[in-house]
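A structural walkthrough
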Amino acid sequence: KAGVTQTPRYLIKTRGQQVTLSCSPISGHRSVSWYQQTPGQGLQFLFEYFSETQRNKGNFPGRFSGRQFSNSRSEMNVSTLELGDSALYLCASSLTGLGANVLTFGAGSRLTVL
Amino acid sequence: TQLLEQSPQFLSIQEGENLTVYCNSSSVFSSLQWYRQEPGEGPVLLVTVVTGGEVKKLKRLTFQFGDARKDSSLHITAAQPGDTGLYLCALLDYKLSFGAGTTVTVRA
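Computed from a prediction, not measured in an experiment: that's the story for all the values here.

Some details on the overall build of chain A
Each helix and strand in chain A was counted, giving 0 helices and 11 strands. Taken from the N to the C terminus, the helices and strands of chain A come in the order β-β-β-β-β-β-β-β-β-β-β. Burial status across chain A gives 51% buried among its 114 residues. A separation of at least 24 residues holds for 54% of the contacts in chain A among residues at least 6 apart in sequence. Accessible surface for chain A amounts to roughly 5400 Å². Of this, 49% is attributable to carbon and sulfur atoms. Chain A carries 11 positive and 5 negative side-chain charges, and their two centres are separated by 5 Å.

A closer look at the sheet that holds strand 7 (residues 61-65) of chain B
Residue and element names in this part refer to chain B. A sheet is described by the order of its strands in space; here 5 strands give the open sequence 1-3-8-7-6, paired in antiparallel fashion. Looking at the sheet topology across the chains shown, the edges are occupied by strand 1 (4-7) and strand 6 (55-58). Each adjacent strand pair in this sheet contributes to an overall mean axis angle of 15°, direction not counted. In this sheet, strand 8 (residues 71-76) lies alongside strand 7 in antiparallel orientation, the contact comprising 5 bridges.

Section: the sheet that holds strand 1 (residues 5-7) of chain A
Residue and element names in this part refer to chain A. Taken in spatial order, the 4 strands of this open sheet run 1-3-8-7, and their pairing is antiparallel. Each edge of the open sheet is held by one strand with a lone partner, namely strand 1 and strand 7 (64-68). Across this sheet, the average inter-strand angle for adjacent strands is 15°, counted without regard to direction. The pairing of strand 1 with strand 3 (residues 19-24) spans 3 bridges and is antiparallel.

Digging into the state of the cysteines
Residues and elements named next belong to chain A. All chains considered together, the criterion is met by 2 disulfides over all chains. Here C23 pairs with C91 through a disulfide, and the sulfurs are 1.9 Å apart. Where C23 bonds to C91 through sulfur, the torsion about that S-S bond is close to 75°, and the disulfide is right-handed. You can see C23 sitting in strand 3 and its partner C91 sitting in strand 9 (residues 87-94), a full 68 residues away along the chain. Residue C23 is classed as buried on the basis of its relative accessible area, which comes to 0%.

Observations regarding the layout of surface pockets
The space that makes up the largest pocket amounts to roughly 1100 Å³. Along its surface, the largest pocket is lined by 48 residues, and Q41, G42 and L43 of chain A together with G99 and A100 of chain B are the ones closest to its centre. Elements with a minimum of two residues in the lining of the largest pocket: strand 4 (31-38), strand 5 (42-50) and strand 9 of chain A together with strand 9 (85-92), strand 10 (96-98) and strand 11 (102-107) of chain B. Looking at the lining of the largest pocket, its residues break down into 20 nonpolar, 23 polar and 5 charged.

Criteria and thresholds
- Residues numbered from 1 in each chain as written.
- Chains lettered and ligands numbered in written order.
- Predicted model: local features only at pLDDT ≥ 70, side-chain atom pairs only at ≥ 80, totals over all residues.
- Heavy atoms only, no water.
- Helix = DSSP H or I, 4+ residues; strand = E, 2+ residues; numbered from the N terminus.
- Buried < 20%, exposed > 50% of the residue type's maximum accessible area, 1.4 Å probe, protein only.
- Contact = heavy atoms within 4.5 Å.
- Areas by Shrake-Rupley, 256 points an atom, 1.4 Å probe, with all protein chains shown as cover.
- Lys, Arg positive; Asp, Glu negative; His and termini not counted.
- Charge placed at Lys NZ, Arg CZ, Asp CG, Glu CD.
- Pairing = 2+ DSSP bridges.
- Axes fitted to C-alpha atoms, helices over the stretch in contact; angles between N-to-C directions.
- Disulfide = S-S within 2.5 Å.
- 1 Å grid on protein atoms, 1.4 Å probe; cavity = no way out; pocket = protein on both sides within 12 Å on 5 of 7 lines; lining within 4 Å.
- Points joined across faces, edges and corners; volume = space filled by probe spheres on them.
- Nonpolar A, V, L, I, M, F, W, Y, C, P; charged D, E, K, R; others polar.

Next comes the structure, spelled out in structure tokens:
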């Protein structure tokens, strides 16, 4: 079966712009989580969506937002980009989330902010 | 906040050698996962360990969970270039809390 698909894979933006990243989970998976990966901070949890509702949120400013559609596809948006937002953004899907012991990650979207 | 410390940060070995990476916590954890992430890819789950003293084997990889459930180790026997990657341990509850990882390079 198809894995987790993230688009775009690479993008370059300038400070102050906004960006939208997309994640298509494995068919049948209803939970989508987002993580930010940087060399300095490692992998950090952004938020998790289940059945179109945000269930959990990490410690990121309000510039980071997300949503989930009825087909479980999810998008995350970062507004007013800062240099420090340059990172690999990963999404992971699972059947139920909330401690599900099998999360499948996508390959990520690498964002560079100039 | 429970933190995971991984050591060493970097490890470079020759093909055929053995290696061990470590994951330690300041407090007891209920379950721990190990992931491997290759360049340009997302992390891939290798194993979940739950029980203190548990040992799991995955081909040449051996995972141990400390008796006190505050530490874990990953041992690779006869490493191959395909084992190259970033090895991450993570605590699992409503989210994954990752350690900083160990970058392993296996030279041919």
